[in-house]
Amino acid sequence: MRQLQLPVFKFTEEQKEFRKKVRSFLQAEKQKGTFDTHADSWLSAYSEEFSKKIGAQGWIGITFPGKYGGQARSSIDRYIVTEELLAFGAPVASHWFADRQSGPLLLKFGTEEQKEFFIPKIVKGECYFSIGLSEPNSGSDLASLKTTAERVDGGWIVNGMKTWTSGAHHSHYMITLCRTSPQDPKNRHGGMSQLIIDLKSDGVTIRPIQFLTGEHHFNEIFLENVFVPDNRVVGEVGNGWAQGLTELAFERSGPERILSTFPLLEEAIRLLKEKKDHRGLMDASKLVSRMWSLRNMSIGIAALLEEKKDVNLAAALVKDLGNSFEQHVAEVIRLLLPAVPSKNAEDEYARLLAESILHGPGFTIRGGTTEILRGIVGKGVISA
Amino acid sequence: MSEMKSFIEDAAGKILKDLSTKEQRERFEEGEWASSLWKTIQESGLTLLGIEEEKGGVGGDYEDVFAILRVVGKYAAPIPLAEVIYANQFLATHDGEVEDKLRVVHFTEESSMIQSPYKLIHVPYGRYVDEVVVIRQEDQQASYSIVDVLTGEIEKNANLAAEPRDNLTFLNLGETKKLDLSFKEALENYTKFLALSRVAMMTGAMESVLALSTFYAKERHQFGRPLHRFQAIQHHLTAMAGEVAAAYSTLSVASSFYPSDLGKEQIAMAKIELSANANVVAKAAHQLHAGIGMTYEHELHHFTRRLWSWREEAGNETYWADQLASLYQAREETIWESITHVKGEETHAGSTV
Ligand SMILES: Cc1cc2nc3c(=O)[nH]c(=O)nc-3n(C[C@H](O)[C@H](O)[C@H](O)COP(=O)(O)OP(=O)(O)OC[C@H]3O[C@@H](n4cnc5c(N)ncnc54)[C@H](O)[C@@H]3O)c2cc1C
């Protein structure tokens, strides 16, 4: 099956030099104490200061056109930056969605005014976005969502509720998927639109939902008669579902689906080497082999995406395999190096282990559950 | 993919599709050598792939070789193509020229000081080959001799897939020639080649297992619908598809680095991966096929038994993990530096504070 045959991509010398540059920067920042390494840093480690520093390097929205402050570099360069940030477990959650999703969405479907208004700020690491999809009664079955936008003079009035919204308490805006025409059982994916809601608008209430670690990570968002002006609709009214799907392959096959617990693996191998634990290193080497293999797939997909090829099936596979791997790392490592895992441990290993265990269950839920992905792939394999 | 590669891949695919049929494999298991299949493969030049024309070969590189071996696995061809290609390459390199014969190499740890009889254990296709290139330790170096199988005794043995792994006994190994390699190096070279060959063949076998499974999931109905409409069955298909995609990518990357210095680590990781996931695919496929998959009649086992055999050959996960563990211990590099092939710059503690 051709769709399962991903190409080999080898980084050029120039790209390797670029990786070195990013790595040196992060090494220096880590040594200065700008940040601590965390597992799952892309969804849970926030630092506006750090996001601005990354922005100042030109590494947020690196693929965006120069006209709006981007570097117009390839998505392979973006891949390199993302990988290095994740391998270091750097605090990138603040700007994550703006860089990965919202920026590209606006560049593809947004108006000139929207691009000029948002993109330069995103690129500087000053403007953060949240993703407003899930609702209390619409999770996997997202097309059943109830939040509605009603037409009024000059814009829309939004009513409804969003939930599990990561980082909304840090974000400035939320791309909100809502219903702009009544639900149509014959066209379940029609009638929805993407609206940019300013989270400081009247009628928006953000309430924290405590994460199982006790930390404030996601939120529920109440939308009561929130006015959204016409110029804050993304793309076409009624085309929200299709627009939201366009960046899905990037989202599903990126390094963040493989590397969430990599800092734990690297630290564990360092410790095993220190102890000269040959057996332990053997077990760890199997995890490294898996990571290598998944990374090769992910890079192969990145190369196809750069050529604008359709890779949805392979991308769903990488997310499924990658997320299982990320969870598996903690389960293998905990047996190799017994410790008392704790979020507040002084010891970096014990802390990374705690983060990997506690955040683990979310890996196979966020961005589409394992069950949903496997359904997509299973059907894709049959019809191919 | 090079044009040459896809061309010979297609050509080999055509031959094997026609000649490595279920019936052919069954006759093979009953004890009949696949002579017409082998003859066609030889005539097409595939046994001399990767050998320069001046040395009697047909050209091509290692990526071509492993691409063909994937196709061999895909059709579960009952032929020792990987082993013969290696033996031919070996003679072309050390003798300077090669004449195409059904031959395999065999390493024996016993030094040449040991007196006869010489027992060669698990020689692939031993009963069918014309000659064996026996490689032994001679002082610090390796030496080899070419023995005619007709001069020895054959004790038949086979792996899980009924592929011959015979024990041969010879009273005399004949004239020996010295190699410019240590025995260890020579053995390591062969193990690496064979490991990547098995990776290629397992990739092909996995592809066929997936293809048989999707076919059956559409064909077989229960509870008034085809199996593929059940979510649990979709999950089995996904598990297989994931490993097929991973295997293909693993094979492509590892063979693109072969036989460079980076190659050994990549082969180790590739063989660990394929060996570990062979049964993910085999198990899901058998579960999906249920009763029919447990019969001799259905051809699923032609592929799953090969997966279970090949995952052990040329080093299983334990063997290669042992190698990797020693490698990690011996070097300063972090895992991330080695995976990305980029070494971070030395930053001196305190210099940036
Ligand atoms: C850490 C984290 C961060 C998140 N951040 C955001 C965010 O920023 N913005 C946002 O909008 N959402 C976010 N989410 C929400 C996430 O997208 C949903 O949790 C997810 O889509 C699943 O929805 P649900 O939780 O309602 O589960 P449900 O859909 O109710 O599913 C419950 C169980 O049933 C299974 N199931 C459901 N339907 C089927 C089916 N058809 N076939 C088989 N099994 C099925 C599911 O796989 C799951 O196992 C986040 C979630 C997590 C864990």
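Located above this text is the structure these notes cover.
What you see is a predicted model, and the numbers here were worked out from it, not measured in a lab.

Draft legend 1. Quick peek at the overall build of chain B. Scanning chain B from terminus to terminus reveals 11 helices and nine strands. If you line up chain B on its principal axes, its C-alpha atoms span 75 × 70 × 40 Å. Going through the 353 residues of chain B one by one, you find that 57% of them count as buried. For chain B, contacts bridging at least 24 residues in sequence account for 74% of all contacts bridging at least 6.

Draft legend 2. Representation of the site of the ligand in the model. Close to the ligand lie 17 residues, the nearest being Ser134(A), Ser140(A), Thr369(A), Glu371(A) and Gln231(B). Chains contributing residues to the immediate surroundings of the ligand are chains A and B. One nitrogen or oxygen atom from the side chain of Glu371(A) is found 2.7 Å from an oxygen atom belonging to the ligand. Gln231(B) is positioned with one of its side-chain polar atoms (N or O) 2.7 Å from a nitrogen atom of the ligand.

Draft legend 3. Region of the structure containing the packing of aromatic side chains. This structure, assessed with the given rule, holds 29 aromatic pairs over all chains. Here Phe118(A) and Tyr173(A) contribute two aromatic rings whose centre-to-centre distance is 4.9 Å and whose plane-to-plane angle is 90 degrees, an arrangement assigned as edge-to-face. Of this pair, Phe118(A) sits in helix α6 (residues 112-123) while Tyr173(A) sits in strand β4 (residues 173-179), and the two are 55 residues apart along the sequence. There is no split in this pair, since Phe118(A) and Tyr173(A) are both buried. Relative to Tyr125(B), the ring of Phe28(B) lies with its centre 5.8 Å away and its plane at 40 degrees, an arrangement referred to as tilted. Of this pair, Phe28(B) sits in helix α2 (residues 22-29) while Tyr125(B) sits in the loop between β2 (118-124) and β3 (131-138), and the two are 97 residues apart along the sequence. Judged on exposure class, the residue Phe28(B) and its partner Tyr125(B) are both buried.

Draft legend 4. A look at the pairing of strand β6 (residues 165-170) of chain B. Residues and elements named next belong to chain B. The buried fraction of β6 amounts to five of the six residues, a majority that puts the element mostly inside the structure. Summarising the sheet, β2 and β6 pair through five bridges and their orientation is antiparallel. Across the sheet, the residue bridging to Lys119 is Thr169, located in β6.

Draft legend 5. Inspection of α6(A) at higher detail. All names here are of chain A. Taking 1.5 Å of rise per residue, the 12 residues of α6 would be expected to cover 16 Å, and the 16 Å separating its terminal C-alpha atoms lies within 8% of that figure. Among the residues making up α6, those that are buried are Gln114, Lys115, Phe118, Ile119, Ile122 and Val123. Viewed end-on, α6 has its buried residues packed into an arc of 120 degrees, placing them on one side of the element. Against α3 (48-56), α5 (93-109), β1 (129-132), β4, β5 (192-198) and β8 (233-234) lie the buried residues of α6. Note on α6: the residue one or two positions beyond its end, Gly125, has a positive phi of about 80 degrees.

Draft legend 6. The arrangement of the interface of chain A and chain B in detail. The interface is formed by 50 residues belonging to chain A together with 59 residues belonging to chain B. In total, chain A and chain B occlude about 4900 Å² of area from one another, counting both sides; carbon and sulfur atoms represent 65% of this. Viewed at the interface, chain B and chain A are joined by two salt bridges. Here Arg290(A) ties to Glu273(B) by a salt bridge, and the two come within 2.6 Å at their closest N and O atoms.

Draft legend 7. Up close: the pairing of β4(A). Residue and element names in this part refer to chain A. Across the seven residues that make up β4, a large majority, seven, are buried. Two elements, β1 and β4, share four bridges in a ladder whose sense is parallel. Paired with Phe129 across the bridge in β4 is Tyr173. Two elements, β4 and β5, share seven bridges in a ladder whose sense is antiparallel. Along β5, the bridge assignment pairs Ile175 with Ile196.

Draft legend 8. Region of the structure containing unusual backbone geometry. With omega at -5 degrees, the peptide bond leading from Tyr258(B) into Pro259(B) counts as cis. You can see Pro259(B) is positioned in the loop between α7 (231-257) and α8 (263-289). Of note in this structure, Asp40(A) is not a glycine but carries a positive phi near 55 degrees. Within the secondary structure, Asp40(A) sits in the loop between α1 (13-32) and α2 (41-44). Given a relative accessible area of 3%, Asp40(A) falls into the buried group. Positive phi outside glycine occurs at Trp164(A), with the angle close to 60 degrees. Assignment of secondary structure puts Trp164(A) in strand β3 (residues 155-166).

Draft legend 9. How the structure looks around the side chain of Gln194(A). Residue and element names in this part refer to chain A. Looking at where Gln194 falls in the secondary structure, it is placed in strand β5. Classification of Gln194 as buried rests on a relative accessible area of 8%. A polar contact of 2.8 Å, which involves the side chain of Gln194, links it to the side chain of Gln243. Not counting residues within four places of it along the chain, the set of residues in contact with Gln194 comprises Leu105, Ile175, Thr176, Leu177, Arg232, Val233, Val234, Gly240, Gln243 and Gly244.

Draft legend 10. Quick peek at the nonpolar core. Core analysis: the largest hydrophobic core is formed by 205 residues, its most contacted members being Phe129(A), Val132(B) and Ile135(B). Considering each element in turn, this core owes the most residues, 18 residues, to helix α6 (residues 183-219) of chain B. Apart from residues lying up to four places away in sequence, Val132(B) is in contact with Val104(B), His106(B), Leu120(B), Val123(B), Ser145(B), Ile146(B), Val147(B), Val149(B) and Leu168(B).

Draft legend 11. Local environment of a nonpolar patch on the surface. A contiguous nonpolar patch, built from Leu212(A), Ile357(A) and Leu358(A) and spanning about 250 Å² of accessible area, is present on the exposed surface. Relative to the helices and strands, Leu212(A) resides in the loop between β6 (204-210) and β7 (216-229).

Draft legend 12. Summary view of helix α10 (residues 278-306) of chain A. Residue and element names in this part refer to chain A. Here α10 is 29 residues long and its end C-alpha atoms lie 41 Å apart, about the 42 Å a rise of 1.5 Å per residue gives. In terms of burial, α10 is a largely internal element, 24 of the 29 residues being buried. You can read the cap of α10 off the contacts: a side-chain oxygen lies 3.4 Å from the backbone nitrogen of Arg279, and it is on Asp277.

Draft legend 13. Representation of the sheet that holds β6(B) within the structure. All names here are of chain B. The strand order across the open sheet formed by three strands is β2-β6-β5, and the pairing between neighbours is antiparallel. Both edges of this open sheet fall to β2 and β5 (153-155), since each of them pairs with a single strand only. When the angles between neighbouring strand axes are averaged without regard to direction, this sheet yields 25 degrees. Bridge count between β5 and β6: three bridges; the pairing is antiparallel. Within β6, the residue paired with Ile154 across the bridge is Leu168.

Quick notes on the rules
Counting of residues starts from 1 at the beginning of each chain's written sequence and follows it residue by residue. All chains are assigned letters beginning with A, and all ligands numbers beginning with 1, in the order in which they are written. Thresholds applied to this predicted model are a pLDDT of at least 70 for local features of residues and 80 or more for the giving and counting of side-chain atom pairs; totals over whole chains, interfaces and linings are not thresholded and use all residues. With hydrogens and water set aside, each side-chain value is computed from the structure's full complement of heavy atoms. Secondary structure elements are defined from DSSP: runs of H or I of at least 4 residues count as helices, runs of E of at least 2 residues count as strands, and each element is numbered from the N terminus. Per-residue accessibility, obtained with a 1.4 Å probe over protein chains only, is compared with the maximum for each type, and a residue is labelled buried under 20%, exposed over 50%, and partly exposed between these values. Residue contacts are defined here by distance: any two heavy atoms, one from each residue, within 4.5 Å place the two residues in contact. Nearness is judged by heavy atoms alone; a residue qualifies as near a molecule or strand once a single heavy atom is within 4 Å of it. N or O atoms within 3.5 Å of each other form a polar contact, as long as, within protein, one can give a hydrogen and the other can take it, and as long as residues adjacent in sequence are counted only when both atoms are side-chain atoms. A pair of aromatic rings is counted whenever rings of Phe, Tyr or Trp (Trp by its six-membered ring) have centres within 6.5 Å, and the orientation is called stacked for planes under 30 degrees apart, edge-to-face for over 60 and tilted otherwise. Strand pairing requires that DSSP identify at least two bridges connecting the strands. Here a helix's expected span is defined as the number of its residues, less one, multiplied by 1.5 Å. Think of the arc as the fan of directions from the helix axis to the C-beta atoms. Note: buried area is the sum, over both parts, of the accessible area (probe 1.4 Å) each one loses when the two are combined. The rule for a salt bridge is simple: a side-chain nitrogen of Lys or Arg has to be within 4 Å of a carboxyl oxygen of Asp or Glu. Here, the term nonpolar core denotes a set of buried Ala, Val, Leu, Ile, Met, Phe, Trp, Tyr and Cys residues that are joined through side-chain atoms within 4.5 Å. Like-charged residues are merged into a patch within 9 Å and nonpolar side chains (Val, Leu, Ile, Met, Phe, Trp, Tyr) within 5 Å, provided each residue has over 30% relative accessible area and no salt bridge. To be clear on the numbers: accessible area is Shrake-Rupley with a 1.4 Å probe, and residue cover counts the displayed protein chains and nothing else. Note on definitions: angles span 0 to 180 degrees between N-to-C directions of axes, and those axes are lines fitted to C-alpha atoms, for helices only across the stretch in contact.

Keep in mind these values describe shape, not function.
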